[in-house]
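Letter by letter, the chains look like this.
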Amino acid sequence: MHPAFQAILTIIIGVGGCVGYFYFSNQFLDKVVFPSRGPNAGRNITRANMVRPWLFLFPALAALSIYLAYPVVETLRLSLTERLPGNRSQFVGFANYQQMLSEAKFKEALLNNLLWLVVVPAFSTAFGLLAAQLSDRVRWGNIAKSLIFMPMAISFVGAAVIWKLVYDTRPIDQEQIGALNALYLFFGGDAPVTWMTQIPWNSFLLMAVLVWIQTGFAMVILSAALRGIPEETIEAAIVDGANPFQVFFKIKVPQIMSTIVVVWTTITIVVLKVFDIVFAMTNGQWETQVLANYMYDKLFRANDWGVGSASAMVIMLLVSPILIWNVYNARKEMQ
Amino acid sequence: MSAIVGTKSSLTWAVHLSLVAMVVLWLFPTVGLLVSSFRTTDQISTSGWWNSLSSSEQNLTLRTDAPDTQIEKDGLFIIEGNLFGEASDADISVWGTSSRSIDDYTPGDVAELKNGTTVTVAANGDYLMQSEVPMDGRRGQRVFVTAQTPPEFTLDNYRNVLLDKNNRQGMTKAFFNTLTVTIPATVIPVLVAAFAAYALAWMDFPGRALLVAAVVGLLVVPLQLALIPLLKLHNEIGIGKGYLGAWLAHTGFGLPLAIYLLRNYMVGLPRDIIENAKVDGATDFQIFVKIILPLSFPALASFAIFQFLWTWNDLLVALVFLIDSSGETTVMTKQIVELLGTRGGNWEILATSAFVSIAVPLGVFFAMQRYLVRGLLAGSVK
Amino acid sequence: MTNLTLTNVEKTYPGNINVLNNINLDIKTGELIVFVGPSGCGKSTLLRMIAGLETITDGEFTIDGARMNEMPPAQRGVAMVFQSYALYPHMTVRDNMAFALKIAKKSQADIDAAIDKVADKLQLTEYLDRLPKALSGGQRQRVAIGRSIVRDPKVYLFDEPLSNLDAALRVATRIEIAQLKESMPQSTMVYVTHDQVEAMTLATRIVVLANKGIAQVGSPLELYETPENEFVAQFIGSPAMNLLPGKIVDTGDTTRISVTNGGGVINSSVATREDMKGAAVNVGIRPEHMVPETSENYAFESTVEISEALGEVTQLYFERQDADSSPVIAKLQGIHRNVRNKSMRMSADPSKIHLFADGKSLHYQ
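Residues numbered from 1 in each chain as written. Chains lettered and ligands numbered in written order. Predicted model: local features only at pLDDT ≥ 70, side-chain atom pairs only at ≥ 80, totals over all residues. Heavy atoms only, no water.

J.: Where do I start with the sheet that holds strand β13 (residues 265–268) of chain C in this structure?
T.: Two pairing modes exist for strands in a sheet, parallel and antiparallel, and in both the strands are linked by backbone hydrogen bonds. Residue and element names in this part refer to chain C. Read across the open sheet, the six strands follow the order β13-β12-β11-β14-β20-β21; overall the sheet is antiparallel. Only two strands of the sheet have a single neighbouring strand rather than two, namely β13 and β21 (360–361). Strand direction decides the pairing type here: strand β12 (residues 255–259) and β13, joined by four bridges, are antiparallel. Residue pairing across strands places Arg256 opposite Asn267, the latter belonging to β13. (Pairing = 2+ DSSP bridges. Helix = DSSP H or I, 4+ residues; strand = E, 2+ residues; numbered from the N terminus.)

Structure below.
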C-alpha cells in the first residue's frame, strides 16, 4: 500500500474515533440515560446537565492525568529506586542523586544549562525588543517582522542543519563553505576553526541557534505590548523634551516591564527543555552537554532509569518556581 | 509619531539600516540552506553558497573529441566541436594546452601542437583542430581553460531525495510518516481541548476553579519527565511503539496549552449569546457545536497551528514513542539526525532533506501567520 | 391564556448573598409588566429566574399553573431579548431567526413562512441575508425582537432592550415596541428597565423593586398619584418628590400639617384618624405641583438659591438646611425672571399633597 493511503487510513481512524466519542456519548446521555421526554423531562434534563460537564472533560482529564500528572509522581518514584533484573525494583533512597552529583558530566550539564538560562532569554528578549521597536517605526516593518519571526516555524533539527552549514569547516587549502569561517578568514584569521570543538565557544554557538529561533517570539509579544502603550505618555515625554532614547528606555520599557518578564520566563521554560539542538549538533560532546540531553543519554543509551529520572526531577525542580508563580497568578485572576 | 515636527532624518536612516542588518542576519542562514539544496555536490564543496549567485571563475580541464571522429576536408584532417560538449554560457578568458602554462593563449589564438597539428579555441568553447596528416591516439587533446561560468542550479538533489525509490535514506516515506503523526496529533487535541475548555468556561460544576489552576500548572511541566513512565505504561498496556502512542503522547503534552488558550478565548465570548441559545432551546452539545465552535475559530486555528508546528518539528516524542527498531515509522526529523551522523559531509543531501522537512511548516507559517501571532498573544500576555 | 405566578420567590447566591426575598406577583395574559428599580435591586435577576437562566432558591414559579422551577429555559416557552441583542454573529439574520425553530425540528416550509411574516412586519425583509455586523444598532434590535416573535412564545422577556441605543433611536424603538404589543394583545410580556419613561409609557403595570423586594405594583398613574411609600414616591417622577418634615396639627377628612423648616401650615386631602394628631410626618410635594403662594396658607418660605430657566419651565432650588441635605425643588410653568436670592412662599393644592409616616403613605391607612 502506498504510504499516502496508509497515512490517510490511519488518520481517519484516529480522528474519527475521537469525534465519535463526543457525539455518541452525548446522544447516549440525552436519549437513553436521562431522556428529555416523558413525565420527568425537567428533572432528567437537569440531571443530564450535571453529568455533561464530566462527559466533556473526561478525555482531557484522562489524557492530562495519565500523560502529565502521573509521570511526575512516577518519575519521582523511579528516581528513588533502582531497577533489578526481572522487572523488579528496589528502593535506594537518594543513591541515584548522589551518583548523579558525583558525575562530572552532570555538573557540566547543569553549569551549561545555567549558562543557557542566562544567555538565551537575555539575548532573545533584547534582540526581540530591538526588532519590535525598529520595525514599528518603518513602513516595511511587517515584512521585517515576518522574516525575523520565520525561524519559529523551523524545527530545532532543521535549525541544527542550517547552522551546521554556517559553522562548517574545510581544510585550510580549500575554499571555506561555512559562513563563519569565511568571515573569520576574511577578517584576518589565520586558519579555519572547527567551531564545534572550541570550548567554550561551541556552547555559545549552540545558544545562538536558540536565540535565532526565539527572538521572533519575543519580538511579536513585545511589539504588541509596545503598541499597547498609551500614545499620550510618549507625546507627553516628547513635549517634556525627552530624546528618542530616553523615550524608549524611560517611558516605553518601564511600561512593558510585565510583558518582558512574561517573555523572559516563557523562553526560560523553552531553554530548560532544550534537547534537539544539542542532540543534533554535538550530542553533548566537547563540554556542550545540557540537562535534557544528559537525561536522554542516561535513559536510552546507558539505560539507567534511576539516574535518568533523577536528572528529570532536577529539570522539574528548576521549572517549579515558574509553575507556582503561574498558578498563583491564575488563581488571583479567577477571583 | 511621524507627524511630529523636527524628527531627525539621520535617526530614521539609522533605524532603516539597523533593521535591514537584522533581517539579513536572520535570513542569511536559511537562505544558505535553500541555495545549497539546489547546487551540485561539486559546487557545494568547492565554493561558499554566497558565491553561487554571481558567476564564478573556474579552472577546468577539458578534452577535445577523440581522433576517431576526425573527418577529411579539402585535404585537411579536422576535428570540430565544443569543449563543454554543447554550446554553453561559459566565457573563456585564457586557455592553454599544457598543465604548466594554462594561460598561454587568449580565445582566437592558434596553438601549435606536435606533428603540425594546430588548435584554436573560441570564447564560447568552440574549437577547431586541424592537421595535414591523420591524427592518432585514443583520446582527445587536453585543453586547460579558465572560464567564467554563470550561476547554475539543479533539481537533481530533490529528485534524488524525494523520487528515487532505491534511496533508502530518501525522505518520501518519512514525509508521509510525519504527516500521519501530525494530522491526528493536531486534530485530536484541538477537539478534546475544545470540549474541555467549553466545560471549564461555561458549565457550572464543583471543582471548576481547581481544574483551571491545575491546567495552568501543567502548562510548564517538562515532557522529559513523562518519557520513562509513559514508555513503561505503553508497553504494559500493549500499545508499544507506534502511531497510537505518539498521538496520545502529543495529545497529552499539547492539551494544557490548548485548554488554556481556548478557555481564555471562550470565557470572553458574550454571555448573552450563549444564554439566548439556551432560551432558544439548544442543549449544551448544540450550543457547543453550533455557536461556540464557529465563534472560537480564531483560537482553534491559533492552537492548531502551534500544535501542527510542534508535532511536525518534534524529535523527542518520535524517538521515544514512535520509532521502533524496524525504522518503518521513522519521521523526517529523525531521518535528518541520522543523515547528520552518517552523511555529515554530504551537504547536498542534508540541505535538501532539511529543506523538505522545513518547507511545509514555512508554508503554514506564512499562510497563517495572523492566527499564530494572535495565539501567541493570547497565550502569554494574559 | 398565560398566567405567570411567583409565590414567595427568593434568590440567594452562594456565600449567603441574598438578593431577592418574598416576591409575590401575578401576571395575567396580555399584560406588559415592567420591572423598574435602582441598579442592583435584582430586577434583571428576577427576569432571568423567569427565563430559567438563574435557579430559584426558594418559593414557586408557575406558568399556567405548571411548576417551572426545575424546567430548563427551552421548555418554558419563553423568548428573551437581551440588552446586547445577543445575535449570533456568524449567522445571517435569517439563520438567527431560524435557529430556535430548527432546534425544535420545525419543517423548512414552516420556518420560511414564519420568518417571512415577521420580517415583513418588522421591515427586515431586505436584510435577511446579511450578517449582524452589517446592520445598524436599531436594525440589530429589530432582529433580536423578530427572533423572539418567530418562536411565537407564551411569554416575551425583555432585558433592558433599549439601553444600547442612542437617545433618538430609543424613542423610536420604544414606540415600535408599544405598537407591537398592541398588535399582539394576547401575548404576555415582562420588561426590565431602569428608565422610568420607558416604564411609564409601555407598562400595563409597573413593578417597583427595592430593598430585595417589591415596593409597589400598580399602573403607571397609580404609582405617580398614590405612591405607597417614600421610595416609590421619589423613584417615579423627575425631579424627585420633595419630602418636608412636619407635624400633624389637625386631623379629619382634611389634614392640617405644620412644616418644620420654613414655618408654613398647609392642608392635605389625605384623611387621618384623630389619634394621629401630633405625629411626625413627611409632607410630599412634587416639584411640578409647587406654586408660589401669597396668602398665609403656605407650606414653607425660603430663599431661592439657584434658578434654572429652561424656557418651558423654571426650576427653583431653595436654600438647604445643611450641605448634605437635598434642596427643595419647585418646577414652575413658564418664565420667572429675577427670582434668585429672593424669599418665596410656596404651597400646593391639597389634593397634590402626600403624607408619609415611617416611610409609608397615609393614603392607604
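J.: Mind showing me how you'd approach the interface of chain B and chain C here?
T.: Interfaces are frequently sized by the accessible area removed from exposure as the parts join. In this assembly, 16 residues from chain B lie in contact with 21 residues from chain C. For chain B, the biggest contributors to the area lost against chain C are Asn276(B), Val279(B) and Asp280(B); these three give 38% of the whole. At the boundary of chain B and chain C, one finds two salt bridges. Two residues, Arg48(C) and Glu275(B), come together in a salt bridge whose shortest N-O distance is 2.5 Å. At the boundary of chain B with chain C, the tally comes to seven residue pairs in polar contact (both at pLDDT 80 or more). Every element with two or more residues in the side of chain B that touches chain C is listed here: α8 (271–279) and α9 (284–295) of chain B. In terms of residues, the side of chain B that touches chain C owes the most to one element, α8(B), which gives eight residues. Residues belonging to the side of chain B that touches chain C are distributed by class as follows: seven nonpolar, three polar and six charged. (Contact = heavy atoms within 4.5 Å. Buried area = accessible area lost by both parts, 1.4 Å probe. Salt bridge = Lys/Arg side-chain N within 4 Å of Asp/Glu carboxyl O. Polar contact = N/O pair within 3.5 Å; in protein donor to acceptor, adjacent residues only side chain to side chain. Nonpolar A, V, L, I, M, F, W, Y, C, P; charged D, E, K, R; others polar.)

J.: Please explain a positive patch on the surface as it appears in this structure.
T.: Taken together, the side chains of Arg63(B), Arg138(B), Arg139(B) and Arg142(B) make up a positively charged region of the molecular surface. Tracing the backbone shows Arg63(B) in strand β1 (residues 56–63). (Patch = residues over 30% accessible without salt bridge, like charges linked within 9 Å, V, L, I, M, F, W, Y side chains within 5 Å. Areas by Shrake-Rupley, 256 points an atom, 1.4 Å probe, with all protein chains shown as cover. Lys, Arg positive; Asp, Glu negative; His and termini not counted. Charge placed at Lys NZ, Arg CZ, Asp CG, Glu CD.)

J.: Looking at this model, I keep getting lost on the pattern of salt bridges. Mind explaining?
T.: Working definition: two side chains of opposite charge can pair if their charged atoms are close together. Tallied over the full model, the rule gives 17 salt bridges over all chains. Here the residues in one salt-bridge network are Arg271(B), Glu275(B), Lys11(C), Arg48(C) and Glu54(C), joined through shared partners.

J.: How should I be thinking about the nonpolar core in this particular structure?
T.: The nonpolar side chains of a soluble globular protein tend to be buried with one another. Judged by nonpolar contacts, the single largest core of 233 residues is most densely connected at Trp116(A), Phe253(B), Met266(B) and Phe35(C). Setting aside anything within four residues of it in sequence, one finds Met266(B) in contact with Ala194(B), Ala197(B), Tyr198(B), Ala201(B), Trp202(B), Phe288(B), Ile292(B) and Ser296(B). Grouped together as the second largest cluster of nonpolar side chains are 44 residues, Tyr85(C), Tyr127(C), Ile145(C) and Met184(C) included. (Core = buried A, V, L, I, M, F, W, Y, C linked by side-chain atoms within 4.5 Å. Buried < 20%, exposed > 50% of the residue type's maximum accessible area, 1.4 Å probe, protein only.)

J.: In this structure, what is going on with the domain arrangement of chain C? I would like to understand it.
T.: Residues and elements named next belong to chain C. Domains assigned within chain C are domain 1 (4–234) and domain 2 (239–364). Just the C-alpha atoms count here: the centres of domain 1 and domain 2 sit 38 Å apart. Facing 11 residues of domain 1, the contacting portion of domain 2 comprises 14 residues. In total, about 1,100 Å² of surface goes out of reach between domain 1 and domain 2, with carbon and sulfur atoms giving 50% of it. Summed over the three residues of domain 1 that lose the most area to domain 2, namely Tyr224, Glu230 and Gln234, the buried surface amounts to 52% of that side. Scanning the region where domain 1 abuts domain 2 turns up zero salt bridges. The interface formed by domain 1 and domain 2 holds seven residue pairs in polar contact (both at pLDDT 80 or more) in total. Of all elements in the fold, only α7 (220–225) and α8 (230–235) reach the threshold of two or more residues within the side of domain 1 that touches domain 2. Looking at the side of domain 1 that touches domain 2 residue by residue, the class counts come to four nonpolar, four polar and three charged. (Domains from an automatic or database assignment.)

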